[in-house]
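# Structural overview for review
The lines below spell out each chain.
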Amino acid sequence: MASSASIPPRNEEDQVLVEEKSFARILVLNRPKQLNAASFYMISRLLELFVAYEKDSAVKLIILKGKGRAFCAGGDVAAVAHNIKEDKWKLGAEFFRKEFTLNYVMATYSKPQVSILNGIVMGGGAGCSVHGRFRIATENTVFAMPETALGLFPDIGASYFLSRLTGFFGEYVGLTGARLNGAEMLACGLATHYVPAARLPSLEAALLKVPYTDPASISAIIEEYSEFPTITEQSAYKRLDIINRCFSRRTVEEIVSALEREATNVKDGWISATIHSLKKASPMSLKISLRSIREGRLQGVGHCLTREYRMACHVIRGDVSKDFIEGCRALLLDKDKNPKWEPSTLELVSDEMVEQYFTKLDDEDWEELKLPTRPVNLPSSTIAKL
Amino acid sequence: MDRISRRAQVLNNHLTQSPPPTVSSLQRSPCLAFSPPELTEKAHFDTAELRKLTDGHNIQDRDWLYGLMVQSKLFNPRVLGGRVFISPNYNQSMEQQREMTMRRILFLLERGVFEGWLTGKGIEAEMRKFAFLEVVGMFDHSLAIKIGVHFFLWGGAIQFFGTKRHHDKWLRDTESYAVKGCFAMTELGHGSNVRGIETITTYDSNTGEFIINTPCESAQKYWIGGAANHATHTVAFSQLNIDGTNQGVHAFIVQIRDKDGSICPSIRIADCGHKTGLNGVDNGRIWFDNVRIPRENLLNSVADVSPDGHYLSSIKDPDQRFAAFLAPLTSGRVTIAVSSVYSSKIGMAIAIRYALSRRAFSVAPNEPEVLLLDYPSHQRRLLPLLAKTYAMSFSANYLKTLYMNRTPELIKTIHVVSSAFKAALTWHNMRTLQECREACGGQGLKTENHVGHFKSEFDVQLTFEGDNNVLMQQISKALFAEYVNAKKRNKPFKGLGLEHMNGPSPVIPSQLSSHTLRNKQFQMDAFCLRERDLLAQFAEEVLKLQSQGQSKENAFMLSYQIAEDLGRAFSDRAILKNFIQVEESATDEPLKGILALLRSMYALVIMEEDPAFLRYGYLSTTNATSLRKEILVLCKEMRPHALALVDSFGIPAALLSPIAFNWVDSNAWSPVQH
């Protein structure tokens, strides 16, 4: 998640730069000072462009990248938090509606999307890349879903893609907010390729020259520039056994105690760091996140986003817990990094409270997320996500 | 509209695809591309809410366990058409399947699935245990049976037949699989008739030991799940002979294997061999060659033997003693009934999803082929079974609740209701699977598509824990006793849902409008009328035979035809009653509407299919004709909800099968996903 600077961009239209290169469209996220944090405008513009390109038979390939050292550091959460404080949670809901609609369109897109993740990819940044067909990581990539530390939960369809990572790695990534590098992203499947940053310009040129734009040919071209980086011994990915043993437990409490049991058996800084992240996160966030990922494992992407939209609206309306406001205060505004969560412990978060987040909102104006109609001639990889 | 856009797409594909792309080795014809029903079929009610009503309890726990299985390599995941499917590899040898079952159990154990299964207290722990067993059984019936034998039969025997000393010694170790238990009740010569078993036990007061013996070949223990490979201990059922007096059937704990898995002295074990299903369960045969066990190993909740060899029991009547003894075994019938519904749900979800994506024959030349479920005949084959599956599902939940809240006064009710539902639900399952198999054509024959294969996996349910036909007769006997009791003492009927017998006989209108046919009071009246008349007829016939000098048992035997009709009438009426209760508990309007539709379908199809309604004149032939027409209308009304109705079962795609999803892609030549 990125903090947004208070200075408005000079020209909103500059937030997404568009380059037209024969059959390809290169979209550049352009808020480098804000680490390309996805503003409402940016998301709306992306959605508009994606919808238009789907209908435009001249467009066969979309390349998405970020300007500066980030791909996209997340949704512009601070703006949402600002709206809530102003008692305008419905404006926040609009943000999520637009963002999740974009996620759905990307996940079910009929044309290949290549995202070049040469830098920070967090939260909403993952949402505009991971759902697409190709995700290229580099040595500069830093990926994280840090929402539980902010009183939110991994949204943007994360309950769909995190739950489909190997074993219980998704629970680990989603609950702890652990950072992954490009090599780890490739290993766990969040990225489809790893290309050293120095080769990106020639890869891009090659993609624009390719006579075929079917996924297999695009994949073959990217592979020519790809490497298989090694994963260091310190990596969480080398600890899949422990992750599967602990993060497969039924409840958050059991996950924590399983980790604590592991910690007594082996001396490993990784385990204590993991426990520390869980203890620092919002207890409410942890519980709704776990349930969301568990449900997401068994649901299609549309269903996941609809459920996440309900959850997000409950979070910003603050009817069960106000942890999101508190998280934004402590991490983005006051920056004291010392949020006071309420409820303050896992034990105080009851099943009934968690259940609340998964129900419809009892508000006359509120509506479920309406997923846009998709073309019938979807590729089979997309059909499988429904 | 759908046809037009489809046709336009086909034409468009013809025009834009030329010249054909040269990259991939084989491109499938665009005309036969899979079209996911999700894009065209919309839900008109909240499927999550309906799932809450059908699963009934522990939804998140179920989802957790589904996820646990889907994410583990041990559950044999395969990616087909871009989706993961899990199912045991039934192409493995029997021995391999048995080892995989055991490994999966140990995995679930390690992940904490069995925590509290025997040491937990209260309804909540028990409900979670049931939910987990149901989920496991949807992956593989063998896995559920093997777990069920260990926890419900062996563990249950210790809980219910044993006393504190047994609980302290065995329950924790059973929960952690430190001991692996089995349940040696049935013999080669005796199955449903437990009282006739021939294994014999005597007591040696000099050493304080019981001596268990298999006196002849027909007394060998047979079908003992877990015995052939893994079990270390068994509960052995045996006649107990004290000083020359047979005290009837008792249960004893016997160790059959040591820690290393070697068979203990004086025990012989053989395999039951390959079966038509459940080959992941190691059914075995056991012979006891005068095995000596400590006196304390008698499970003594009902009767005991003192150290000096005196038989002690608070229940003097051996018949009552036996009944008290076996009462707890009802849990077996409960779990069977429930698991059969989940099997039906899988069958229905697969066949209906396939029927929503598979086309066959065009009605007119140059028209697209027709979707299977758009054929009225296909709707008539599947949709009534779907309504019945919902009805059965609600009754399975009712049965669980009844069992959870059991009291000594409820033992009889639980016995009768569990017998009725076990028979009704398991018969329904076999019929459903057969229909689904045929509805999927040749695809139904592939093991990976479950519908055909499940028939042999679940067939055993029709006879274990009581042959369904025997159970039907037992229900009728129990109803007969109620009838005689009420008439003799001139007291109203009370219990088993028979209160309707106290009122006046319902009247069926001579003309049945659509409105009446869908009225739940009319439906209930018709079901009650059938039950009360059959019960009266049955009682009359039995009493008449008795007055002619036949024994009561003989009279029952000779009246088996009406007994079976009556058993079915009782089950159907009880199921309808439970359905109406669920419907009345729903608050959401769209949900109430769909439940009413399903309930009417259930009730009318039962009336159409059971010849008793016409045979005994509860319905006129005119009535039957109106009914038949109404069923067609109901099919048409259910059709738009078909996908949402199977989605509401909440079964993850991974537990369904390739033909339920992108069957073109999962069968494509190149496994590379585009």
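Reading the values: rules and limits
- Residues numbered from 1 in each chain as written.
- Chains lettered and ligands numbered in written order.
- Predicted model: local features only at pLDDT ≥ 70, side-chain atom pairs only at ≥ 80, totals over all residues.
- Heavy atoms only, no water.
- Helix = DSSP H or I, 4+ residues; strand = E, 2+ residues; numbered from the N terminus.
- Rg over C-alpha atoms; globule rule 2.2 N^0.38 Å.
- Buried < 20%, exposed > 50% of the residue type's maximum accessible area, 1.4 Å probe, protein only.
- Contact = heavy atoms within 4.5 Å.
- Areas by Shrake-Rupley, 256 points an atom, 1.4 Å probe, with all protein chains shown as cover.
- Lys, Arg positive; Asp, Glu negative; His and termini not counted.
- Charge placed at Lys NZ, Arg CZ, Asp CG, Glu CD.
- Buried area = accessible area lost by both parts, 1.4 Å probe.
- Salt bridge = Lys/Arg side-chain N within 4 Å of Asp/Glu carboxyl O.
- Polar contact = N/O pair within 3.5 Å; in protein donor to acceptor, adjacent residues only side chain to side chain.
- Nonpolar A, V, L, I, M, F, W, Y, C, P; charged D, E, K, R; others polar.
- Bend = angle between axes of the 7 residues up to and from the residue.
- Axes fitted to C-alpha atoms, helices over the stretch in contact; angles between N-to-C directions.
- Parallel < 35°, antiparallel > 145°, perpendicular 65-115°, else oblique.
- Left-handed = near helix turned anticlockwise from the far one by under 90°.
- Domains from an automatic or database assignment.
- UniProt positions renumbered as here; feature names shortened; annotations may be inferred.
- Pairing = 2+ DSSP bridges.

## Focus on the overall build of chain A
- On a plain count of helices and strands, chain A comes out with 17 helices and ten strands.
- Taking 386 residues into account, the globule formula puts the C-alpha radius of gyration at 21 Å, and chain A, at 20 Å, falls close to it.
- C-alpha extents for chain A along the principal axes are approximately 60 × 50 × 40 Å.
- Residues counted as buried form 63% of the 386 residues belonging to chain A.
- Intrachain contacts of chain A at a sequence separation of at least 6 include 75% that bridge at least 24 residues.
- Carbon and sulfur atoms provide 51% of the accessible area of chain A, an area that totals close to 15000 Å².
- Looking at charge distribution, chain A has the averaged site of its 48 positive side-chain charges lying 3 Å from that of its 48 negative ones.

## Things to note about the interface of chain A and chain B
- The interface of chain A with chain B comprises 35 residues on the first partner and 31 residues on the second.
- For the pairing of chain A and chain B, the buried interface totals around 2800 Å² over both sides, and the portion due to carbon and sulfur atoms is 53%.
- A per-residue breakdown of the area chain A buries against chain B is headed by R250, L298 and S380 of chain A, which together make up 23% of the total.
- Run the count over chain A and chain B and you get five salt bridges.
- A salt bridge links R250 of chain A to D61 of chain B; the nearest nitrogen and oxygen atoms lie 2.8 Å apart.
- Across the chain A-chain B interface, the total number found is twelve residue pairs in polar contact (both at pLDDT 80 or more).
- Of all the elements in the fold, those that place two or more residues in the side of chain A that touches chain B are α9 (215–225), α10 (240–247), α13 (283–296) and α17 (380–383) of chain A.
- Looking at the side of chain A that touches chain B, its residues break down into twelve nonpolar, nine polar and 14 charged.

## Examining helix α6 (residues 141–161) of chain B
Residue and element names in this part refer to chain B.
- Remark: the principal bend of α6, roughly 35 degrees, maps to G148.
- With respect to burial, α6 is a largely interior element, 19 of its 21 residues being buried.
- The N-cap residue of α6 is D140: its side-chain oxygen and the backbone nitrogen of S142 are 3.3 Å apart.

## Some points on the packing of helix α3 (residues 89–107) of chain A against helix α14 (residues 301–317) of chain A
All names here are of chain A.
- Packing of α3 against α14 brings their axes to within 10 Å, and their N-to-C directions diverge by 165 degrees. Viewed along their axes, α3 and α14 adopt a mutual orientation that is roughly antiparallel. For the pair α3 and α14, the crossing hand works out as right-handed. Contacts between α3 and α14 pair W89, G92, A93, F96, R97, F100, N103, Y104 and A107 from the former with V301, G302, L305, E308, Y309, A312, C313, I316 and R317 from the latter.
- For the contact of α3 with α14, a count of residues per class yields twelve nonpolar, three polar and three charged.

## What about the domain arrangement of chain B?
All names here are of chain B.
- According to the domain assignment, chain B consists of domain 1 (180–317) and domain 2 (330–358 + 370–490 + 506–654).
- The partner domain 2 presents five residues to the four residues of domain 1 that form the contact.
- Both sides of the domain 1 and domain 2 interface together cover about 360 Å² of buried area, and 50% of this is carbon and sulfur.
- Three residues stand out in domain 1 for area buried against domain 2, namely S192, T276 and L278, and they jointly supply 84% of the buried area on that side.
- Across the contact surface, domain 1 and domain 2 share zero salt bridges.
- Between domain 1 and domain 2 we count two residue pairs in polar contact (both at pLDDT 80 or more) in total.
- Class assignment of the residues belonging to the side of domain 1 that touches domain 2 gives a composition of one nonpolar, three polar and no charged.

## Focus: the side chain of T201 of chain B
Residues and elements named next belong to chain B.
- Note that T201 resides in strand β4 (residues 200–204).
- Residue class for T201 comes out buried when judged on its relative accessible area of 0%.
- Apart from the residues within four sequence positions on either side, T201 is in contact with F210, I211, I212, S238, Q239, L240, N241 and F252.

## Some points on the UniProt feature "binding site: FAD" (unreviewed entry) in chain B
All names here are of chain B.
- The feature "binding site: FAD" (unreviewed entry), as annotated in UniProt, sits at T186 and G225 in this numbering. The greatest C-alpha distance among the annotated residues, which extend across 40 residues, is 10.7 Å, indicating that they converge on a single site.
- Inspection of the secondary structure puts T186 in the loop between β3 (181–184) and β4.
- Relative accessible area serves as the criterion here: at 23%, T186 is assigned to the partly exposed category.
- In this structure T186 touches G191, Q220, K221, Y222, W223 and I224, once residues within four positions along its chain are discounted.
- Only 2.8 Å separates the side chain of T186 from the backbone oxygen of Y222, close enough to count as a polar contact.
- With residues near it in sequence (within four places) discarded, G225 still touches V149, C182, V281, D282 and N283.

## Description of the packing of α6 of chain B against helix α7 (residues 164–175) of chain B
Residues and elements named next belong to chain B.
- As a packed pair, α6 and α7 sit with axes 9 Å apart at the nearest point and diverge in direction by 165 degrees. Between α6 and α7, the angle falls in the class roughly antiparallel. Crossing geometry of α6 relative to α7 is assigned as left-handed. Contacts between α6 and α7 pair H150, F151, W154, G155, I158 and Q159 from the former with H166, H167, W170, L171, T174 and E175 from the latter.
- Taken together, the residues of the contact of α6 with α7 sort by class into five nonpolar, six polar and one charged.

## Remarks on the sheet that holds strand β2 (residues 24–29) of chain A
Residue and element names in this part refer to chain A.
- One open sheet holds the six strands; their spatial order is β1-β2-β3-β5-β7-β10, and the pairing between them is mixed. Two strands in the sheet have a free side with no partner beyond their single neighbour: β1 (16–21) and β10 (193–194).
- Of the pairings in the sheet, the one linking strand β7 (residues 134–137) to β10 comprises two bridges and is parallel in character. Note that in β10 the partner of A137 across the bridge is Y194.

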